[in-house]
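Structure at a glance
This is what each chain is made of:
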Amino acid sequence: MSILKVARMGHPVLRAKARTVDKLEVKQPAVQEFIDSLIDTMFEYSGVGLAAPQVHESLRIFVAMLDADGQGEGDATVFINPEITVVGDLKVEGWEGCLSIPDVRGRVPRAQHIRISALDRTAKRFELELKDFPARVVQHESDHLDGVLFFDRMKSLESLTYLEEYSRYHARRDKDDDEDDD
Ligand code: NI
């Protein structure tokens, strides 16, 4: 396990479509070790999610804190080759950040309710139904596998703010929203 270097916006790996990982490959020690490092790196930088392309590996893998209370506590869930299905048509706007776009926040519309199917780290398929914050996190992370950043999803750039100004002017008023980097 190790702490990996996080790619920042502008690095081409963040704009590439990541490749599918096949079932046999998932079980290989190199991939298992990579998953451990991805989790360690997410914790190290207090993220609530981290996708493989963000650490320069163009693979369809991400990790996320689904029970995150905004403080980064809890267990990481591993998603490999995820597929998202939107349930209903309700979209909600909420604050997002990204470890690849440090110290910036913006309001992003996301589906409020989704279903996600993926392989776990033993290459077994599982499905989860998620709403609100965890649904937002996995949509943000899945986007990274397709080279999409949260800026691309914003309706307008008007809400873009630096972290310091976010804390000063927006965090308290919107305290129900998450304040974490994905
Ligand atoms: Ni991100």
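Below, the structure is looked at part by part.

**Quick word on the overall build of the protein**
A count of helical and extended segments in the protein gives five helices and eight strands. Listing every helix and strand of the protein by position from the N terminus yields α-α-β-β-β-β-β-β-β-α-α-β-α. Rg of the C-alpha trace for the protein: 15 Å, near the compact-globule value of 16 Å for 182 residues, within the 12% margin. Once the C-alpha set of the protein is aligned to its principal axes, its extents read approximately 50 × 35 × 30 Å. Each of the 182 residues in the protein was classed as buried or not, and the buried ones make up 50%. Look at the contacts in the protein between residues 6 or more apart in sequence, and 67% of them connect residues 24 or more apart. Separation between the mean location of the 24 positive side-chain charges and that of the 35 negative ones in the protein comes to 4 Å.

**Points about the sheet that holds strand β3 (residues 76-86)**
The five strands lie next to each other as β1-β2-β3-β6-β7, forming an open sheet whose pairing is antiparallel. In the strand order of this sheet, the two ends are held by β1 (49-51) and β7 (125-131), each with one partner. On average, adjacent strands in this sheet sit at an angle of 40° to one another, irrespective of strand direction. As defined by bridge partners, β3 adjoins strand β6 (residues 113-119) across five bridges and the pair is classed as antiparallel. Within β6, the position partnered with Thr 85 by the bridge is Arg 115. Packed on one face of the sheet, helix α2 (residues 29-44) meets β1, β2 (61-65) and β3 and runs near 40° to β2. Where helix α3 (residues 132-145) meets the sheet, it contacts β1, β2, β3, β6 and β7, and its direction lies at approximately 160° from that of β2.

**Points about unusual backbone geometry**
For Asp 103, which is not glycine, the phi dihedral falls at a positive 65°. Mapped onto the fold, Asp 103 is located in strand β5 (residues 101-111). Despite not being glycine, Ala 123 has its phi angle at roughly 70°, a positive value. Inspection of the secondary structure puts Ala 123 in the loop between β6 and β7.

**Considerations on the sheet that holds strand β4 (residues 91-98)**
Sheet strands pair by backbone hydrogen bonding; their relative direction is either parallel or antiparallel. Within the open sheet, the three strands sit side by side as β4-β5-β8. Their pairing is antiparallel. Where the open sheet ends on each side, the last strands, each with one partner, are β4 and β8 (161-162). As defined by bridge partners, β5 adjoins β8 across two bridges and the pair is classed as antiparallel. The residue of β8 that forms the bridge with Val 104 is Tyr 162. On the sheet, α3 packs against β4 and β5 and is oriented at approximately 60° with respect to β4.

The rules behind these values
Residues numbered from 1 in each chain as written. Predicted model: local features only at pLDDT ≥ 70, side-chain atom pairs only at ≥ 80, totals over all residues. Heavy atoms only, no water. Helix = DSSP H or I, 4+ residues; strand = E, 2+ residues; numbered from the N terminus. Rg over C-alpha atoms; globule rule 2.2 N^0.38 Å. Buried < 20%, exposed > 50% of the residue type's maximum accessible area, 1.4 Å probe, protein only. Contact = heavy atoms within 4.5 Å. Lys, Arg positive; Asp, Glu negative; His and termini not counted. Charge placed at Lys NZ, Arg CZ, Asp CG, Glu CD. Pairing = 2+ DSSP bridges. Axes fitted to C-alpha atoms, helices over the stretch in contact; angles between N-to-C directions.

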